[in-house]
Amino acid sequence: MDAARLLHLFLVMLLVLHEAAQSATGVQLQNQTQNRQQQQQFLSVDYYKRTCPDVEKIVHQVMVQKFREAPVAAAGTLRIFFHDCMVQGCDASVLVASTSHNKAEKDFDINLSLPGDGFDAVMRAKQAVENRCPRTVSCADILAIASRDLIGMIGGPFWPVKKGRKDSYTSHAARVPGNLPSSKNTVSELMHLFSSKGFTTEEMVALAGAHTAGFAHCKEFNDRIYNWKNTSRIDPTMNPLYAANLRLACPRNVDPTIVANLDVTTSKKFDNVYYQNLQKGLGLLSTDQALFNDPRTKPLVNRFAASQERFFAAFASAMQKLGSIGVKSASQGNIRINCAAFNQ
């Protein structure tokens, strides 16, 4: 067989493999959509209309008090909600404490930095709800409502929270790997992860905007300011003055509890300045800055940087989708009395 014939057969095989891959991806996305639609059938904004009509009011009152005491609870609770939903669905499994015979999600390495004020906010709200509506409202629903309300308190958008989630019967640290983004991920890895959960690239970039509030520990970005890709240099995509200031805040061998704001400009406000920072090389994590540097996501960063209204609309929509991931029905979960422990 001559070389031309072999080349032709090779190209045909590549085409067939490409079409097969596209078909498989299409089927996967279709299945994800169908699963989400089935899960949403038992979710409703008015789910507790008859059994606990004041649930949102009760949770909001607790969040107002918690926010007065610890404003950092806003970003912290949102992060807990995200970490919960991305691992086996929005089922409050991340709230469960480990026992002598089970290491729970909460104690997996990437979750150890989840802030205590966020957990405290949810536990307080649960207790307040239990006092009014015993054994009625799930921890998963309370976490969803609390996240929305606290983000609103720092200037973020409002979105209706559908309710009816049940709390999980399980929580295992071993289920966390591969389900949460890492500060070391490439954009391609992030896109693959979020796509596997049913998100579009635009929704992924919108959810990244949550980094307009909150902080990160120095270890998450030290390589960018001291030893980028083992070169003993600063990441060239980072603003040099910004990097110099970060070195002052995070010296080598720094205390592991030291943190830096994810948004260097308006860290206490939920806005679109996060995206404007990326345009100036002021992204703290490499995954943040990469969104501006990658041609697939840069147009979305520019779009949200130019319009806070468009960012808020996209973020609110993405949060509603996030809240529908892997929700449990009555046959798959229950109402935990204590969010940190399974019912006996």
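First, a word on scope: everything that follows refers to the structure included in this document.

Conventions adopted
Residues numbered from 1 in each chain as written. Predicted model: local features only at pLDDT ≥ 70, side-chain atom pairs only at ≥ 80, totals over all residues. Heavy atoms only, no water. Helix = DSSP H or I, 4+ residues; strand = E, 2+ residues; numbered from the N terminus. Buried < 20%, exposed > 50% of the residue type's maximum accessible area, 1.4 Å probe, protein only. Contact = heavy atoms within 4.5 Å. Arc of directions from axis to C-beta. Polar contact = N/O pair within 3.5 Å; in protein donor to acceptor, adjacent residues only side chain to side chain. Phe/Tyr/Trp six-rings, centres within 6.5 Å; stacked < 30°, edge-to-face > 60°. Lys NZ or Arg CZ within 6 Å of the ring centre and 35° of its normal.

## Concerning the overall build of the protein
And step 1. Looking only at helices and strands, one finds 13 helices and two strands in the protein.
And step 2. Evaluated residue by residue, the protein yields a buried proportion of 49% over its 344 residues.
And step 3. For the protein, restricting intrachain contacts to residue pairs at least 6 apart in sequence, the fraction spanning at least 24 positions comes to 76%.

## Notes on helix H6 (residues 187-196)
And step 1. Three or more residues of H6 are buried, namely Val187, Leu190, Leu193 and Phe194. The arc enclosing the buried residues of H6, seen along the axis, measures out at 125°, which places them on a common side.
And step 2. Against helix H3 (73-86), helix H7 (201-208) and helix H11 (286-293) lie the buried residues of H6.
And step 3. Positive backbone phi, at 95°, marks glycine 198, one or two positions downstream of H6.

## Describing helix H9 (residues 240-249)
And step 1. Where H9 is concerned, the buried positions are Tyr242, Ala243 and Leu246. Looking down the long axis of H9, one finds its buried residues gathered within 100° of arc, a one-sided arrangement. Those residues of H9 that are exposed and angled more than 90 degrees off the buried face are Pro240, Leu241 and Leu248.
And step 2. Here H9 starts with a cap whose side-chain oxygen sits 3.0 Å from the backbone nitrogen of leucine 241, and that cap is asparagine 239.

## Considering the packing of aromatic side chains
And step 1. This model, assessed by the stated rule, comprises 13 aromatic pairs.
And step 2. Ring geometry for tyrosine 47 against tyrosine 48: centres 4.9 Å apart, planes inclined by 85°, an arrangement best described as edge-to-face.
And step 3. Judged by relative accessible area, which is 3%, tyrosine 48 ranks as buried.
And step 4. Three or more aromatic residues joined by ring pairs form one cluster here, namely Trp159, Phe270, Tyr274, Tyr275, Phe304, Phe311, Phe312 and Phe315.
And step 5. Its end group placed over the ring of phenylalanine 119, lysine 106 keeps NZ or CZ at 4.4 Å from the ring centre.

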